Amino acid sequence: MWKKIFMSLLMVSLSFVSVFSIAVRVDAKTIKVKETTNSCKKGKYIYYTPPGSIFAVEPDIFRYNIKTKKNEMLKKSDNYHKSYSSLKVKGKNLYAIVLFDGGTANAMCALIKIDLKTKQVKNIDYTYDYYLKGNKIYYEKFKIVKSQEFGKTMEGTGKWYVYLIKSGKVKTIKKPKFKVKKLSGNWDKVKINNSWYSIKNNEIFKNKKVIFNAEKSINGVRFECAGNYLIVHCSMKNYSQKYNMKTYIVKNNGKHKKLVRKWFDQ
């Protein structure tokens, strides 16, 4: 159940941005970027997509308002887009990697952006990952090819591109060097800003202080960090057909705790 896998969104046609074959010089220095995850914080909002399987009933993207404590669906899932990862907000858009159903058993992925006001989706290109730095997004381009085993599959081209956020143009570049600042540790023990967050007996600790104590009906706990908040997903021991999961938003000092949704994951 806790296998980390992208979660879903709405159906849109795959009309991708045209790629300009204009070479762009990239600074020879290593580009320093931060690791992207399934959650992020921007201003008063926390954006997240819950963990679970590809068959989850409610694999949507949500936006939580820290001030009003209101949780809303940013985009509802559908049968075409299967899962999401690498959420990052820049300007007026949310960027993400989407795993989509191309009529094949093999996973295919694309970089997309979602307008935070209109909630409209725009596809940028086929790729499995991206690096955001300033007003630029770097990625390796993939292409869809025929496969005897899967019908279709994605294949790397070895070509790198930069998406210019302000103009919306995509241009070719030489492969950059990246230094990714990753979260230290594993899923149940993570170091963030010199503090260790860990899980023990369904309690979440910040160093030695308990900041989240799950109720007795909880079977397991998993969390992700977004700024100075945690998105805590709890599986339940006994559940109905309506839900078997609970999601909380918790501040890293333990003072802000809000049950934002109950949902079902198969």
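Up top is the structure.
All figures in this text were calculated on a predicted structure; none of them were measured in a lab.

Caption draft 1: Here's a closer look at the pattern of salt bridges. Considering all chains together, one arrives at four salt bridges under this definition. Here glutamate 72 ties to arginine 63 by a salt bridge, and the two come within 2.9 Å at their closest N and O atoms. Looking at glutamate 72, the relative accessible area reads 23%, which means it is partly exposed. Its relative accessible area of 9% is what places arginine 63 among the buried residues. Between aspartate 125 and lysine 141 there is a salt bridge whose closest N-O contact spans 2.8 Å. Of this pair, aspartate 125 sits in strand β10 (residues 121-126) while lysine 141 is found in strand β12 (residues 136-147), placing the two residues 16 residues apart along the sequence. Each member of the pair aspartate 125 and lysine 141 is classed as buried.

Caption draft 2: Structural view of the layout of surface pockets. Here the largest pocket is characterised by a volume of approximately 870 Å³. Secondary structure elements with two or more residues in the lining of the largest pocket: β2 (31-34), β3 (39-42), β7 (81-90), β11 (131-133), β15 (178-181), β17 (189-192) and β21 (218-226). Tallied by class, residues from the lining of the largest pocket come to ten nonpolar, eight polar and twelve charged.

Caption draft 3: Spotlight on the pairing of β2. Residues Ile31 and Val33 point to one face of β2 and are all buried, whereas Lys32 and Lys34, pointing to the other face, are not buried. With four bridges joining them, β2 and β15 adopt parallel strand pairing. In the sheet register, isoleucine 31 faces β15, and the bridge partner there is phenylalanine 178.

Caption draft 4: Just the nonpolar core, in detail. Judged by nonpolar contacts, the single largest core of 20 residues is most densely connected at Ile61, Leu94 and Ile112. Counting residues per element, the ones that place at least two in this core are β7, β8 (93-100), β9 (108-115) and β10. With 18 residues, the next largest nonpolar core counts Ile192, Ala214, Val221 and Cys225 among its residues.

Scoring rules and cut-offs
- All residue numbers here refer to positions counted from 1 along the written sequence of the relevant chain.
- Local features in this predicted model are restricted to residues of pLDDT 70 or higher, and side-chain atom pairs are both shown and tallied only at a pLDDT of 80 or more, whereas totals for entire chains, interfaces and linings draw on every residue.
- With hydrogens and water set aside, each side-chain value is computed from the structure's full complement of heavy atoms.
- Put simply, a salt bridge is a Lys or Arg side-chain nitrogen that is within 4 Å of an Asp or Glu carboxyl oxygen.
- Burial classes: relative accessible area under 20% of the type maximum marks a residue as buried, over 50% as exposed, and values in between as partly exposed (1.4 Å probe, protein chains only).
- Working definition: helices are DSSP H or I runs of at least four residues, strands are E runs of at least two. Numbering for both runs from the N terminus.
- As defined here, a cavity is a set of points on a 1 Å grid over the protein atoms alone where a 1.4 Å probe fits but cannot get out. A pocket is an open set with protein on both sides within 12 Å along at least five of seven lines, and residues line them when an atom is within 4 Å of a point.
- Grid points are joined across faces, edges and corners, and a volume is the space filled by probe spheres set on the points.
- As a working rule, the residues Ala, Val, Leu, Ile, Met, Phe, Trp, Tyr, Cys and Pro are called nonpolar, Asp, Glu, Lys and Arg charged, and the rest polar, with Gly in that last group.
- Pairing between strands is defined by DSSP: at least two bridges between them are needed.
- We define a nonpolar core as any set of buried Ala, Val, Leu, Ile, Met, Phe, Trp, Tyr and Cys residues linked to one another through side-chain atoms lying within 4.5 Å.

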